[in-house]
Amino acid sequence: MGRQWPAVASSQGVAAARFRSRRKTLAGAQHPSVVPEALLLLDASGRKHLVSLGESMVRIRGVGIFEATRLRSSVGRRLEVGGKSFLVLTPSRRDLRDTLERGPQTLAHKDLAAILYEIDVSAGNTVVEGGCGSGALTVALARAVRPDGRVISYDRKDSSLDLARANVERADLAGLVEFRRDDVRSGIAERDVDAIALDLPDPWAAIPAAWEALRPCGHLASFSPNMEQVKETVAAIRARPFVDVRTIEIIEREMEVRDVGVRPSFAALGHTGYLTFARKVLETF
Ligand SMILES: C[S@@+](CC[C@H](N)C(=O)[O-])C[C@H]1O[C@@H](n2cnc3c(N)ncnc32)[C@H](O)[C@@H]1O
């Protein structure tokens, strides 16, 4: 589905205590650490399967069914299932994005990474998202605000909300996210929000609501594939007390490193979009 764009469906955020209480210590590991309720199976071809450990039996499409306890005791090791070999990994941000069920076009890794850095999102923050789509940014934000922050994600389409909610649940982050079926341009109910991230066709129309919702010094990010959208968004930002207004494009080139012929990959990532950032202030010069 392309980016050709433009009520209460809400899974209320569950207390962070629930999230903390579900963490388990990895028995028998060299370095005791935390095992999440989802693990990643990586096969020899590089294919990734995100597996939720909420159930006692785990099903992997095309592979089979097996006991979750086998996964928990195999973190960092090889596991044989249904005649196939997998490495069992704790899921990273990259893994969570790679294993999303896709609907509306998702943000690329490079753009997700820049947003997290530029809006300075950290544990305990309250972040609002405008346009959850498939939930790639929702998942990345929820992971960043763990264990006691929250993400409030607005979308006006049930199909996007349902998909993003399912992806957040698969990543074991449901307790941190509230979904709202609403048009983010017509207002953001939250106040004193640490950061707001927009991925909409007309983000400029949501800037007044974003300014109202942000705390002083709070961060705004907006992603747009086209320069015309950027121009309108920046004009709307400049019409309000915001500082540090910057627009960037991130260009990523992966390298193929081998014995002979080290060079950029032919499968280069093409154009994704532009990122605009700003910070709310109460007074300007
Ligand atoms: C491209 S998707 C977002 C993708 C998401 N950032 C991701 O990485 O998975 C854009 C979403 O914005 C939603 N949307 C568009 N206009 C909106 C508005 N005014 N208020 C709330 N949601 C809106 C669409 O329904 C769609 O789900």
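As shown above, the structure is provided for reference.
Residues numbered from 1 in each chain as written. Predicted model: local features only at pLDDT ≥ 70, side-chain atom pairs only at ≥ 80, totals over all residues.

## A look at the environment of T247
The cut-off we apply is this: Put simply, DSSP marks the helices as runs of H or I at least four residues long and the strands as runs of E at least two long, and each gets a number from the N terminus on. Any pair of residues counts as being in contact when their C-beta atoms, constructed from backbone geometry, are within 7 Å of one another.
Relative to the helices and strands, T247 is located in strand 14 (residues 242-248). With sequence-adjacent residues up to four places away left out, T247 is seen in contact with V230, V234, Y274, L275 and T276.

## A word on helix 8 (residues 227-238)
In an α-helix, one turn spans 3.6 residues, which is why side chains three or four residues apart end up on the same side. Operational definition: By definition here, a helix of n residues has an expected span of 1.5 Å times n minus one. Note on burial: count the other C-beta atoms lying within 10 Å of the residue's C-beta; 20 or more is buried, 12 or fewer is exposed, in between is partly exposed, and C-beta positions come from the backbone. In this context, the arc is that of the directions from the helix axis out to the C-beta atoms.
Taking 1.5 Å per residue as the helical rise, helix 8 with its twelve residues ought to reach 16 Å, and the 16 Å between its terminal C-alpha atoms agrees with that figure. For helix 8, every residue scored as buried is listed here: Q229, V230, T233, V234, A236 and I237. Seen from one end, helix 8 has its buried residues packed into an arc of 160 degrees, which puts them on one side. Projecting away from the buried face of helix 8 at angles above 90 degrees are the exposed residues M227, E228, A235 and R238.

## Brief notes about the site of the ligand
Test applied: To decide whether a residue is near a molecule or strand, its C-beta atom is placed from the backbone and checked for lying within 6 Å of it. The residue classification treats Ala, Val, Leu, Ile, Met, Phe, Trp, Tyr, Cys and Pro as nonpolar and Asp, Glu, Lys and Arg as charged. All others, Gly included, are polar.
Near the ligand you find 25 residues, and of these G131, G133, A136, S160 and D199 are the closest. For the shell around the ligand, the secondary structure elements donating two or more residues are helix 5 (136-145) and strand 10 (150-155). Of the residues contributing to the shell around the ligand, the split by class is ten nonpolar, eight polar and seven charged.

## Points about the pairing of strand 13 (residues 214-224)
Let me state the cut-off plainly: At least two DSSP bridges between two strands are needed for those strands to be called paired. Viewed with both strands pointing away, a crossover whose connecting path from the first strand over the helix to the second turns clockwise is right-handed.
Burial of strand 13 is extensive: eight of the eleven residues sit out of reach of the surface. Relative to strand 13, strand 12 (residues 193-198) runs parallel, the two being bridged by five bridges. Counterpart to L198 in the pairing with strand 13 is S222. Crossover handedness for the path strand 12 to helix 7 (residues 207-213) to strand 13: right-handed. Alignment of strand 13 against strand 17 (residues 274-280), held across six bridges, turns out to be antiparallel. When the sheet's bridge partners are listed, S224 is paired in strand 17 with Y274.

## So, the packing of helix 4 (residues 109-118) against helix 5
Short version of the rule: Axis definition: a line fitted to C-alpha atoms, limited for helices to the stretch in contact. Angles are taken between N-to-C directions and run from 0 to 180 degrees. With respect to orientation, any angle under 35 degrees is reported as roughly parallel, any angle over 145 as roughly antiparallel, any angle of 65 to 115 as roughly perpendicular, and every other angle as oblique. Helix crossings get a hand from a simple test, with the near helix turned counterclockwise from the far one by less than a right angle marking a left-handed crossing and a clockwise turn marking a right-handed one.
Interhelical geometry of helix 4 versus helix 5 gives an angle of 40 degrees and a closest axis separation of 11 Å. It follows from the interaxial angle that helix 4 and helix 5 lie oblique. Of the two elements, helix 4 crosses helix 5, and the hand of that crossing is right-handed. Facing L112, I115 and L116 of helix 4, the residues of helix 5 in contact are A136, L137, A140 and A144. Taken together, the residues of the contact of helix 4 with helix 5 sort by class into seven nonpolar, no polar and no charged.

## Digging into the sheet that holds strand 4 (residues 48-52)
The strand order 4-3-8-7 describes an open sheet built from four strands, whose pairing is antiparallel. Only two strands of the sheet have a single neighbouring strand rather than two, namely strand 4 and strand 7 (78-81). Direction aside, neighbouring strands of the sheet carry axes that sit 35 degrees apart on average. Two elements, strand 7 and strand 8 (residues 84-89), share four bridges in a ladder whose sense is antiparallel. When the sheet's bridge partners are listed, R78 is paired in strand 8 with L87.

## Here's the deal with unusual backbone geometry
Looking along the chain, the bond that leaves R146 and enters P147 is cis, with omega of 0 degrees. Turning to its location among the elements, P147 is positioned in the loop between helix 5 and strand 10. Even without glycine at this site, D244 takes up a positive phi of about 55 degrees. Positionally, D244 belongs in strand 14. Residue D244 is classed as partly exposed on the basis of its 13 C-beta neighbours within 10 Å.

Taken by themselves, the reported measurements are silent on function.
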